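Below are the chains, spelled out letter by letter.
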Amino acid sequence: VLRRHQVPGTFFVVGTQVARHPDIVRDLAAAGDEIGIHSFTHPQMVKLPRWRQELEFSHTQMAIVNATGHKAALLRFPYSSGVAAIDDANWKLIQDAGRLGYLTIMTESDSQDWDRPGVETIIRNSTPPGDVGSVILFHDAGGDRTQTVAALDRYIPLMKERGYSFVTVSEG
């Protein structure tokens with residue numbers, strides 16, 4: 001869908017899946033999509049000791065470099081999409097990741113497509129109010145993504161008609 005609508009994406013990847021399917025990540029990067037770290041095993045990061053947190057980052061980084069030849073600078077933690085998820089424990093996690101050279105990305109609009117609420121709800125959840133820009137979260141894994149694909153196929157033309165353009169997180 002992204003290719004058909006000439007839209008780049010930023011994919012925050014789980015390292016175990018990158019290790020299993022490096023060709024997919026290689027193809028995404030070659031097509032101009034941006035690759036970021038989501039973790040290696042998708043744990044609740046704040047519950048892990050610091051050494052394990054760093055292992056989650058470094059192992060994912062190695063898998064990304066193996067697949068693409070490039071390091072990832074962006075990071076998005078599992079189970080934390082918007083800034084409302086930042087509490088004291090998550091703030092420390094963000095600071096620690098920053099000291100390791102990672103830029104933590106938070107979203108402003110969450111499609112909540114993982115819950116499969118229906119195409120209309122996914123579009124409504126993803127549409128920013130007024131004409132403000134937004135970092136929008138969609139999921140490309142975790143089961144049946146039929147609603148996500150259908151929603152994106154309608155959402156992208158709808159937002160382009162409203163004057164929006166689509167860029168990677170770093171370009172934004």
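This one's a predicted model, so the numbers in the text were calculated from it and none came from an experiment.

### A closer look at the overall build of the protein chain
Tallying secondary structure elements over the protein chain gives six helices and six strands in all. The order of α-helices and β-strands along the protein chain, N terminus first, is β-α-α-β-α-β-α-β-β-α-β-α. Over its C-alpha trace the protein chain gives a radius of gyration of 16 Å, about what one expects of a compact globule, namely 16 Å for 172 residues. Overall size of the protein chain, expressed as C-alpha extent along the three principal axes, is 45 × 35 × 30 Å. Per-residue burial over the protein chain gives 42% buried out of 172 residues. Pairs at least 24 apart in sequence give 73% of the contacts found in the protein chain among residues at least 6 apart. For the protein chain, the accessible area works out to roughly 9500 Å², and carbon and sulfur atoms hold 54% of it. Positive and negative side-chain charges in the protein chain, numbering 17 and 20 respectively, have mean positions lying 4 Å apart.

### Regarding a nonpolar patch on the surface
Judged by side-chain polarity, Val83, Ile86 and Trp91 come together as a nonpolar surface patch covering roughly 290 Å² of accessible area. Here Ile86 is to be found in the loop between β3 (74-75) and α4 (88-99).

### Focus on the environment of Val46
Of note, Val46 is situated in the loop between β2 (34-39) and α3 (50-68). In sequence terms Val46 and Ser81 are 35 residues apart; their C-alpha atoms lie 14 Å from each other. Filtering out sequence-adjacent residues up to four positions away, Val46 remains in contact with Gln53, Ala89, Asn90 and Leu93.

### Describing the nonpolar core
Membership of the largest hydrophobic core comes to 24 residues, with the highest contact counts inside it found for Val13, Ile35, Phe57, Leu75 and Phe77. Listing elements by their share of this core, those giving two or more residues are β1 (10-14), α2 (22-30), β2, α3, α4 and α6 (146-161). Take this core: its biggest share by element is four residues, from α3. Excluding residues within four positions of it along the chain, Val13 makes contact with Val18, Val25, Ile35, Gly36, Ile37, His38, Ser39, Thr60 and Ile64. In terms of nonpolar packing, the next biggest core, distinct from the first, is built from seven residues, Val119, Ile123, Tyr155 and Tyr164 among them.

### Some details on the side chain of Ser109
Structurally, the position occupied by Ser109 is in strand β5 (residues 109-110). By relative accessible area, Ser109 is classed as buried at 8%.

### Notes on the packing of helix α5 (residues 119-126) against α6
A pair of packed helices is characterised by two quantities: the angle between their axes and the separation of those axes. The N-to-C vectors of α5 and α6 enclose an angle of 50°; their axes lie 9 Å apart at closest approach. In terms of orientation, α5 and α6 fall into the oblique class. Considering only the axes of α5 and α6, their crossing is right-handed. Of the residues in α6, those in contact with Val119, Glu120, Ile122, Ile123 and Ser126 of α5 are Gln147, Thr148, Ala150, Ala151, Arg154, Tyr155 and Leu158.

### Notes on the pattern of salt bridges
Tallied over the full model, the rule gives nine salt bridges. Its salt-bridge partner being Arg4, residue Asp153 comes within 3.2 Å of it at the nearest N-O pair. Highlighted residues: Asp153 in helix α6 and Arg4 in the segment before β1, separated in sequence by 149 residues. A residue is classified by how much of its surface remains accessible, and Asp153, at 29% relative accessible area, is partly exposed.

### Some remarks on the packing of aromatic side chains
Given two aromatic rings, their pairing is described by the distance between the two centres and the angle made by the two planes. Applying the stated criterion to the full structure yields four aromatic pairs. Ring centres of Phe57 and Phe77 lie 6.1 Å apart, and the angle between their planes is 50°; this geometry places the pair in the tilted category. In this pair, Phe57 is assigned in helix α3 and Phe77 in the loop between β3 and α4, connecting sequence segments 20 residues apart. There is no split in this pair, since Phe57 and Phe77 are both buried. Cluster of aromatic residues (ring-pair linked, three or more members): Phe57, Phe77 and Tyr102.

About the criteria used
Residues numbered from 1 in each chain as written. Predicted model: local features only at pLDDT ≥ 70, side-chain atom pairs only at ≥ 80, totals over all residues. Heavy atoms only, no water. Helix = DSSP H or I, 4+ residues; strand = E, 2+ residues; numbered from the N terminus. Rg over C-alpha atoms; globule rule 2.2 N^0.38 Å. Buried < 20%, exposed > 50% of the residue type's maximum accessible area, 1.4 Å probe, protein only. Contact = heavy atoms within 4.5 Å. Areas by Shrake-Rupley, 256 points an atom, 1.4 Å probe, with all protein chains shown as cover. Lys, Arg positive; Asp, Glu negative; His and termini not counted. Charge placed at Lys NZ, Arg CZ, Asp CG, Glu CD. Patch = residues over 30% accessible without salt bridge, like charges linked within 9 Å, V, L, I, M, F, W, Y side chains within 5 Å. Salt bridge = Lys/Arg side-chain N within 4 Å of Asp/Glu carboxyl O. Core = buried A, V, L, I, M, F, W, Y, C linked by side-chain atoms within 4.5 Å. Axes fitted to C-alpha atoms, helices over the stretch in contact; angles between N-to-C directions. Parallel < 35°, antiparallel > 145°, perpendicular 65-115°, else oblique. Left-handed = near helix turned anticlockwise from the far one by under 90°. Phe/Tyr/Trp six-rings, centres within 6.5 Å; stacked < 30°, edge-to-face > 60°.

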